[in-house]
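Working through the structure, step by step
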Amino acid sequence: MGTTPGHGGGREPRRAVVIGGGLAGATAALRLAGAGVATTLFEARPRLGGLAFSFRRDSPAGVLSVDNGQHVHLRCCTAYNWFLERIGARGLAPLQRRLDVPVLDAAHHRPRPGRLSRAALPVPLHLAGSLAAYRHLSPAERLAACRAALALRKLDPADPALDGVDFATWLHRQGQSDRAVRALWDLVGTATLNARASDASMGLAAMVFKTGLLSAPGAADIGLARVPLGHLHDTLTRAALDAAGVRTVTQSRARSVTAAEKGGWRVSVVHGQAPPLDHEADAVVLAVPQREAHDLLPDGALADRRRLLDIGTAPIVNLHVIYDRRVLRRPFFAALGSPLQWVFDRTGPSGISGGQYLAVSQSAAHEEIDLPVGVLRERCLPELARLLPAARDARVRDFFVTRERTATFDPRPGVGRLRPGARTRAPGVCLAGAWTDTGWPATMEGAVRSGMTAAREALAAMGRPYDSETVPGTEGRAVA
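Residues numbered from 1 in each chain as written. Predicted model: local features only at pLDDT ≥ 70, side-chain atom pairs only at ≥ 80, totals over all residues. Heavy atoms only, no water.

This paragraph deals with the environment of glycine 428. Relative to the helices and strands, glycine 428 is located in the loop between β18 (396–409) and β19 (429–431). You can call glycine 428 buried: its relative accessible area is 6%. The sequence separation of glycine 428 and alanine 283 amounts to 145 residues, and the corresponding C-alpha distance is 4.3 Å. (Helix = DSSP H or I, 4+ residues; strand = E, 2+ residues; numbered from the N terminus. Buried < 20%, exposed > 50% of the residue type's maximum accessible area, 1.4 Å probe, protein only.)

As structure tokens, then:
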């Protein structure tokens with residue numbers, strides 16, 4: 001069972017250390033501090049936000065605020081919406097009144113959008129009209145898609161058998177054509193799962209479609225930040241942590257977590273070039289990537305710690321294009337018949353003066369992650385010109401690329417059995433991160449949920465009640 005130190009008897013106040021300042025770590029720290037625990041958060045980077053952050057760029061279009069990647073949330077993301085409320089940012093990342101996704105097919109000379117939208121009707125009728133009119137599928141394919149959606153409603157995403165099957169195999173068994181997979185299921189699934197249907201666990205796919213599209217009429221309404229992600233996940237989050245009494249220390253990397261002599265845990269932390277300092281705590285939340293968690297976990301904390309190394313990663317590439325004029329009249333669209341996937345207007349949050357800034361989000365970008373910027377430019381600009389007639393005469397003021405090689409965990413079949421819960425065999429040491437067993441794919445929602453669950457488990461280990469601020473549907477899966 002490994003080392004199982006005590007928690008310091010009746011010592012007050014309880015102390016907790018959170019390692020990692022992404023959404024999972026910040027959430028855990030807010031919840032721990034809210035329960036009266038003296039909490040310190042250590043982050044290796046000079047900023048908070050994890051993989052959902054912003055940076056400044058000097059550009060011919062001016063000094064830009066650039067999000068490393070395009071992130072969206074949905075109305076069904078109850079935990080992330082709670083997080084936005086908690087940091088005072090709900091109005092800065094509003095949701096659509098109703099789901100509406102324009103879908104442009106580049107195969108047509110003058111692409112006319114199909115639409116994925118919803119009506120104010122009960123589930124599943126809320127999508128029926130949109131599917132019936134979806135121009136990118138034949139009438140027979142639309143009917144088959146409706147049948148597949150009804151079959152999805154009956155599935156239990158937590159069924160272990162679904163984790164062993166890929167989504168494409170299940171779709172083909174439901175009579176879905178290759179075109180239907182590309183034009184409908186992958187259109188949504190690739191962006192949310194960071195994998196094509198053929199490479200995605202059916203369990204995770206069922207969770208995405210059942211929760212997002214088939215749980216409530218407005219569940220899939222899309223939310224977009226009106227400000228840079230760094231303002232949300234660093235500036236406002238840091239202010240919320242400060243107000244909660246959390247001590248936040250950046251540019252500090254944890255080196256080890258070991259049992260303390262008098263009970264609890266000793267966390268060794270390096271700050272810059274200074275020698276390591278030890279920090280004692282009754283509970284520790286490791287809100288770091290799986291490989292880093294593997295290295296930090298005390299011996300015996302998991303039955304087989306090496307399984308964390310079997311959880312792979314998947315890349316995302318974002319292409320950033322600044323035109324000298326407006327070429328897109330919508331906030332975003334999805335593309336078919338093109339190597340491009342989703343295109344977003346990020347002019348407002350970027351701070352540019354004149355022109356328009358588009359961000360092209362490319363998920364499951366295994367083939368693109370190492371391509372030179374020049375090659376990606378040669379691929380991207382003609383495709384945008386095909387999809388957006390106004391771009392054909394526009395001048396490109398700037399083009400650059402951001403790459404996240406380990407943007408998410410790899411959602412391939414079988415990953416479910418590898419994802420650990422929040423609680424470990426080391427009392428008070430808990431895991432957090434979108435890669436843990438939240439039931440969700442690697443999303444901002446999954447990250448926040450994991451932080452909530454880790455905080456609950458840490459409080460239970462310290463004999464502290466969980467605070468009364470509840471978020472529906474965020475119970476999580478606790479046991480590793």
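This part takes up the sheet that holds strand β9 (residues 247–249). The strand order β9-β2-β1-β13-β19 describes an open sheet built from five strands, whose pairing is parallel. The sheet is open, and its two borders are formed by β9 and β19, each paired with just one other strand. Averaged over all adjacent pairs, the angle separating strand axes in this sheet is 15°, with direction ignored. Bridge count for strand β1 (residues 15–19) against strand β13 (residues 283–286) is four bridges, and the pairing is parallel. Looking at the pairing, valine 18 lines up with valine 285 of β13. This element, helix α13 (residues 444–461), spans β13 and β19 of the sheet and lies at about 165° to β19. (Pairing = 2+ DSSP bridges. Axes fitted to C-alpha atoms, helices over the stretch in contact; angles between N-to-C directions. Contact = heavy atoms within 4.5 Å.)

Here the focus is the sheet that holds strand β12 (residues 277–281). Within the open sheet, the three strands sit side by side as β10-β11-β12. Their pairing is antiparallel. Two strands in the sheet have a free side with no partner beyond their single neighbour: β10 (252–259) and β12. Each neighbouring strand pair of the sheet contributes to a mean axis angle of 30°, computed without reference to strand direction. The pairing of β10 with strand β11 (residues 265–271) spans seven bridges and is classified as antiparallel. The residue of β11 that forms the bridge with alanine 254 is valine 269.

The next point concerns the nonpolar core. Within the largest apolar cluster, 70 residues are counted, with the highest numbers of intra-cluster contacts made by Ile19, Val101, Leu152, Phe167, Trp185 and Leu286. Setting aside anything within four residues of it in sequence, one finds leucine 152 in contact with Trp170, Trp185, Met202, Ala206, Phe209, Lys210 and Leu214. Counting residues in hydrophobic clusters, the runner-up holds 52 residues, among them Ala29, Cys77, Ala219 and Leu232. (Core = buried A, V, L, I, M, F, W, Y, C linked by side-chain atoms within 4.5 Å.)

What follows covers helix α9 (residues 229–244). An ideal rise of 1.5 Å per residue puts 22 Å on 16 residues; α9 measures up with 21 Å between its terminal C-alpha atoms. In α9, a bend of some 30° at threonine 237 exceeds every other bend along the element. When we look at burial in α9, the residues that qualify are Leu229, Gly230, Leu232, His233, Asp234, Leu236, Thr237, Ala240 and Leu241. Remark: glycine 245 follows α9 within two positions and exhibits a positive phi of approximately 90°. (Expected span 1.5 Å × (residues − 1). Bend = angle between axes of the 7 residues up to and from the residue.)

Given two aromatic rings, one states the distance between the centres and the angle between the planes to describe the pair. Enumeration according to the criterion identifies eight aromatic pairs in this entry. When the centroid spacing of 5.7 Å and the interplanar angle of 35° are considered together, the rings of phenylalanine 332 and phenylalanine 344 count as tilted. Of the two residues, phenylalanine 332 is situated in strand β15 (residues 332–336) and phenylalanine 344 in strand β16 (residues 342–345); the sequence distance between them amounts to 12 residues. With respect to burial, phenylalanine 332 and phenylalanine 344 carry one shared label: buried. Looking at arginine 47, its charged tip hangs above the ring of phenylalanine 53, at a distance of 3.7 Å from the centre. The ring of phenylalanine 400 has arginine 57 lying over it, and the distance from NZ or CZ to the ring centre is 3.9 Å. (Phe/Tyr/Trp six-rings, centres within 6.5 Å; stacked < 30°, edge-to-face > 60°. Lys NZ or Arg CZ within 6 Å of the ring centre and 35° of its normal.)

At a closest axis distance of 10 Å, the pairing of helix α2 (residues 78–86) and α9 adopts a crossing angle of 70°. On the basis of the axis angle, α2 is roughly perpendicular to α9. Contacts between α2 and α9 involve Tyr80, Phe83, Leu84 and Arg86 from the former and Leu232, His233, Thr237, Ala240 and Ala244 from the latter. Split by residue class, the contact of α2 with α9 holds six nonpolar, two polar and one charged. (Parallel < 35°, antiparallel > 145°, perpendicular 65-115°, else oblique. Nonpolar A, V, L, I, M, F, W, Y, C, P; charged D, E, K, R; others polar.)

Inspection of the secondary structure puts valine 360 in strand β17 (residues 356–362). Discounting residues that sit within four places of it in the chain, valine 360 has contacts with Val317, Asn318, Leu319, Leu340, Trp342, Val343, Cys380 and Leu384.

The subject of this paragraph is the pairing of β16. Where burial is concerned, the two faces of β16 agree: the one with Trp342 and Phe344 and the one with Val343 and Asp345 are both buried. As consecutive antiparallel partners, β15 and β16 are separated by five residues, and within that stretch glycine 337 has a phi angle of approximately 65°, a positive value. As paired strands, β16 and β17 are joined by four bridges and run antiparallel to one another. Note that in β17 the partner of phenylalanine 344 across the bridge is alanine 359.

What follows covers the pattern of salt bridges. Within this structure, the stated rule accounts for 22 salt bridges. Of the charged contacts in the structure, one is a salt bridge between glutamate 43 and arginine 45, with a shortest N-O distance of 3.5 Å. With a relative accessible area of 5%, glutamate 43 lands in the buried category. The salt bridge involving glutamate 85 is made with arginine 90; its shortest N-O contact spans 3.3 Å. Overall, the relative accessible area of 49% leaves glutamate 85 in the partly exposed class. Several salt bridges share partner residues, and in doing so they unite Arg75, Arg118 and Asp221 into one network. (Salt bridge = Lys/Arg side-chain N within 4 Å of Asp/Glu carboxyl O.)

Enumeration over the complete set of coordinates arrives at zero disulfides. Looking at cysteine 76, it has no disulfide partner, and the nearest cysteine sulfur is the one in cysteine 77, 4.6 Å off. (Disulfide = S-S within 2.5 Å.)

Our next topic: the pairing of strand β3 (residues 54–59). Note that β3 and strand β4 (residues 62–67) share six bridges and pair antiparallel. Residue pairing across strands places serine 54 opposite aspartate 67, the latter belonging to β4. Adjacent in sequence and paired antiparallel, β3 and β4 are bridged by two residues.

Turning to the packing of helix α4 (residues 139–153) against helix α8 (residues 202–214), a few remarks are in order. Two elements in contact, α4 and α8, have axes separated by 9 Å at closest approach and are oriented at 100°. Between α4 and α8, the angle falls in the class roughly perpendicular. From α4, Ala149, Leu152 and Arg153 reach across to α8, where they touch Met202, Ala206, Phe209, Lys210 and Leu214. For the contact of α4 with α8, the residue count by class is six nonpolar, no polar and two charged.

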